[in-house]
Amino acid sequence: MVGKEWFMMTQYLTLAIYDVADDKRRNKLVKVMEYYGLRVQESAFEAMLTINQCSRMIDRALDCLDLEVDSFRVYVIRNEKDVKTYGIGDIERDDCYVI
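Residues numbered from 1 in each chain as written. Predicted model: local features only at pLDDT ≥ 70, side-chain atom pairs only at ≥ 80, totals over all residues. Heavy atoms only, no water.

J.: Would you take a moment to explain the packing of aromatic side chains for this structure?
T.: Two measures describe an aromatic ring pair: the distance that separates the ring centres and the angle between the ring planes. Within the structure shown, the criterion is met by two aromatic pairs. Ring plane angle 25° and centroid distance 6.4 Å describe the contact between Tyr18 and Phe45, whose orientation is recorded as stacked. Highlighted residues: Tyr18 in strand S1 (residues 12-19) and Phe45 in strand S3 (residues 44-49), separated in sequence by 27 residues. Note on Tyr18: relative accessible area 5%, which makes it buried. The exposure class assigned to Phe45 is buried, which follows from its relative accessible area of 2%. Measuring from ring centre to ring centre gives 4.9 Å for Tyr35 and Tyr36, while their planes differ by 80°; the resulting arrangement is edge-to-face. (Phe/Tyr/Trp six-rings, centres within 6.5 Å; stacked < 30°, edge-to-face > 60°. Helix = DSSP H or I, 4+ residues; strand = E, 2+ residues; numbered from the N terminus. Buried < 20%, exposed > 50% of the residue type's maximum accessible area, 1.4 Å probe, protein only.)

J.: Would you take a moment to explain the environment of Val32 for this structure?
T.: For Val32, the position within the fold is in helix H2 (residues 23-36). Judged by relative accessible area, which is 8%, Val32 ranks as buried. C-alpha separation for the pair Val32 and Met57, spaced 25 residues apart in sequence, amounts to 7.4 Å. Ignoring anything within four residues of it in the chain, the contact list for Val32 reads Met57, Arg60, Ala61 and Cys64. (Contact = heavy atoms within 4.5 Å.)

Interpretation in functional terms is not warranted from these geometric data alone.
Dropping the structure here:
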């Protein structure tokens, strides 16, 4: 597979962080985020996602938020080797191969 198809199937380390003012909205968002990734901090999740999965995650997350008072940021990290972790909370990731 080459070109666009390969790009769409490649998984990238994705970091999502949020600040949600309301407990009910925050709990809804946490359920969405737990579906896609692992909580690594109180308001931060990491996931290995394709571009399509990331788009779906963002759409579902935005349905939980009031953008007048909440914030939600997503970082797609194309080279996982650029990420350095220190201290507690280091997580092991399995390599994922799509055949």
